[in-house]
Amino acid sequence: SDDASSEEVALKSTPYPNPDLPILVCDVCDSVIKHCGFHETTETAAWREELRESRYARDLKQEPATESTKISPDPRDWRCLESGESTNLWLNLGTGHIGSGRQHWDGSGGNGAALRHYEEMKNVHGKEFPLVVKLGTISPSGADVYSYAPDEDDMVTDPLLAEHLAHWGINVMAMQKTEKSMVELQIDLNKGFEFDKITEAGAELEPVSGAKRVGLKNMGNTCYVNSVLQVLKEVPFLDETYRGNSEQIFNTAPADPTGDFPTQFAKTLAALNTDRYARGGREDFETPTIAPRMFKQLVGKNHAEFSTGRQQDAVEYFQHLLEVMTRAERKDAERLGTKDDDKRSARRFEFDVEEKTTCAVSGSVRYVKRRENVLPLEVSVSSATNLREIEAERDLKRQKTQGDGDDKDDKDDKDAIRPVVPFDACLATFAADETVTDWFSTATGAKGKATRRSRFATFPEVLPVQVRRYYVASDWTPKKLNVLVPMPEKIDLEALRGAGIQPGETPLPEADDGAAGGGAFVESGGQTVSAAHPPAAAPLDPDPAIVTQLVSMGFSENGSPRAAGHPPPDA
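Residues numbered from 1 in each chain as written. Predicted model: local features only at pLDDT ≥ 70, side-chain atom pairs only at ≥ 80, totals over all residues. Heavy atoms only, no water.

1. Describing the pairing of strand S8 (residues 351-359)
1) Next: For S8, the tally of buried residues reaches 9 of 9 residues, placing the bulk of the element in the interior.
2) Next: Covered by surrounding structure in S8 are Phe351, Val353, Glu355, Thr357 and Cys359 together with Asp352, Glu354, Lys356 and Thr358, the residues of both alternating faces.
3) Next: Bridge count for S8 against strand S9 (residues 365-372) is 8 bridges, and the pairing is antiparallel. Following the sheet pairing, glutamate 355 is matched in S9 by valine 368.
4) Next: Between S8 and S9, which pair antiparallel and follow one another directly, the connecting turn spans 5 residues, one of which, glycine 363, has a positive phi of 80°.
5) Next: As judged from the 7 bridges shared by S8 and strand S12 (residues 446-456), these two strands associate in the antiparallel manner. Along S12, the bridge assignment pairs glutamate 354 with arginine 455. (Buried < 20%, exposed > 50% of the residue type's maximum accessible area, 1.4 Å probe, protein only. Helix = DSSP H or I, 4+ residues; strand = E, 2+ residues; numbered from the N terminus. Pairing = 2+ DSSP bridges.)

2. Some details on the side chain of threonine 308
1) Next: Inspection of the secondary structure assignment puts threonine 308 in the loop between helix H11 (293-299) and helix H12 (314-331).
2) Next: What makes threonine 308 buried here is its relative accessible area of 12%.
3) Next: Among the polar contacts listed, one links the side chain of threonine 308 to the backbone oxygen of glutamate 305, at a separation of 2.6 Å.
4) Next: Among the polar contacts made by the side chain of threonine 308, one reaches the main-chain amide nitrogen of arginine 310 at a distance of 3.3 Å. (Polar contact = N/O pair within 3.5 Å; in protein donor to acceptor, adjacent residues only side chain to side chain.)

3. Looking at helix H8 (residues 236-243)
1) Next: For H8, every residue scored as buried is listed here: Phe237, Leu238, Asp239, Thr241 and Tyr242.
2) Next: Packed against the buried residues of H8 are helix H7 (223-232), helix H9 (246-251), helix H10 (261-273), H12 and helix H13 (333-336). (Contact = heavy atoms within 4.5 Å.)

4. Overview of the pattern of salt bridges
1) Next: Applying the stated criterion to the full structure yields 30 salt bridges.
2) Next: The closest approach of N and O atoms between lysine 212 and glutamate 234, which form a salt bridge, is 3.6 Å. Within this pair, whereas lysine 212 is found in the loop between helix H6 (182-191) and strand S6 (215-216), its partner glutamate 234 is found in the loop between H7 and H8, the two being separated by 22 residues in sequence.
3) Next: On the accessibility criterion, lysine 212 (38% relative accessible area) is partly exposed.
4) Next: Across the pair arginine 366 and glutamate 510 runs a salt bridge, and its minimum N-O distance is 3.1 Å. Highlighted residues: arginine 366 in strand S9 and glutamate 510 in the loop between strand S15 (478-480) and strand S16 (521-524), separated in sequence by 144 residues.
5) Next: Through salt bridges with shared partners, a single ionic network connects Asp342, Arg347, Glu350, Asp352 and Arg371. (Salt bridge = Lys/Arg side-chain N within 4 Å of Asp/Glu carboxyl O.)

5. Considerations on the pairing of strand S1 (residues 89-92)
1) Next: In S1, alternate side chains face the same way, and those of Leu89 and Leu91 on one face and Trp90 and Asn92 on the other are all buried.
2) Next: Across 3 bridges, S1 lies against strand S2 (residues 98-100) in antiparallel orientation. Residue pairing for S2: tryptophan 90 is matched across the bridge by glycine 99.
3) Next: Where S1 folds back onto S2 in an antiparallel hairpin, the turn is made up of 5 residues, including glycine 96, whose phi is positive at roughly 80°.

6. Considerations on the sheet that holds S1
1) Next: Taken together, 5 strands build an open sheet; the order of strands is S2-S1-S3-S4-S5 and the sheet is antiparallel. Each edge of the open sheet is held by one strand with a lone partner, namely S2 and strand S5 (154-156). Averaged over neighbouring strand pairs, the angle between their axes works out to 40° when direction is ignored.
2) Next: The pairing of strand S3 (residues 131-134) with strand S4 (residues 145-147) spans 3 bridges and is antiparallel. (Axes fitted to C-alpha atoms, helices over the stretch in contact; angles between N-to-C directions.)

7. Focus on the side chain of aspartate 352
1) Next: Examined against the element boundaries, aspartate 352 turns out to sit in strand S8.
2) Next: Using a relative accessible area of 14% as the deciding quantity, one classes aspartate 352 as buried.
3) Next: Once you skip the residues sitting within four places of it in the chain, aspartate 352 turns out to touch Arg370, Arg371, Arg455, Phe456, Ala457 and Thr458.

And the structure:
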């Protein structure tokens, strides 16, 4: 009836848990509370490392189980046999002993009873029972297993875990996870990491809100993703292609938009460049932030590094993102208006570098062009404008150190004067001539010296610049320069425009010209070889995972593919 349809339904809330609620309702509520959504599932998968099988698992010896040593299936009955603790409990699979986990660096966690039991059984009784399982993580899909054995001392897998647990009366098919796994705890730790020590520690920052003033949450070592997105949101043609066409992109999205790049990128740019998520004018102001987990998961899918939770290089991620973007813009050209190659986003970042090589003996030259999408600039600390202040500070620090033995290193490092290197000095390093030794000249037919110089053959619509603060130290470990490079509002690069071969310059002869000894100048990816002495074997296709690891270690982006793809000596 009309009266019935106009009735208002009154909703009422009740505290939970509530013993007056039906059991079915309580079960549903518990399932909802414990359910891991998309974000938690993808985060855990990204952080989960490949664990090796314990060498003790298949031949694990277990003490006889008795009624008194059987483990109750009810988690409320679990207690540390030493301290009575009820959380962070580890069951020794060999003895059935329940002990507390190790104490964390911040004082939280357990008291180490599980480890002490292992050491007592080994040192006093001469028995080796190294495998323990975290009780609160047991479920039909597995559990956290740790090996205390000195030759492992790490998280491991136990292929016979269900059998080993059944020995102590635990049916894994009937168990439910009640505590966070070690991977989930690691994620929480990285999310909660305070970056003020390396950013604006102690600075009075004014909170802002509004369009283009939306932050990005740290989802666990995702600074590289956040940095790239904060830069790309300022690129006009990206904002126009994706956010500007967001309504059409959303309306034409597939049934499952989680795997659709245009949808995820348009959604991310709309969140960053509009005030939809911005909150302002409130006393309880909080900086607006978003967490583009679906975007990160999609872009990093199937990539050896970006699908993990490890720290990554922002430039590598930017270039990988452009590859993903290009594939999407080819596939959905009609939808995005990118049928024309010149309209595709990645092409609008690209530019040609003209490399001029001059033979020091003959004066002959060769011009080679290469396509790039990032301008890497080296930072020369010797070009800092405040070198005198830095040296004076060092002298003062040395005098204080000699005068008293107080340990003030931490405070001194925080307050230390940082070198200020002008951006023009970084550009000058790029434009400077480079001397190449042991170089084979096709003009002279002999090895000698040459000079190389780089210039812009073309300019892109938007020029991405990488200020390279990382370098490889003498011990082959990557280090970061603690310098400031102020970025100017405007940059004039006209003086660095290349003009090609000039009147009066003599080109270096090609291989067909019959240079002395049949030698020829051949360049590929920065490598110089003689055609008279070709490589013994053709290079193999490099493994992208190996190339990524080499670059992350500080090796060059040109040399890493050659190192990863070159065949072994006996191939």
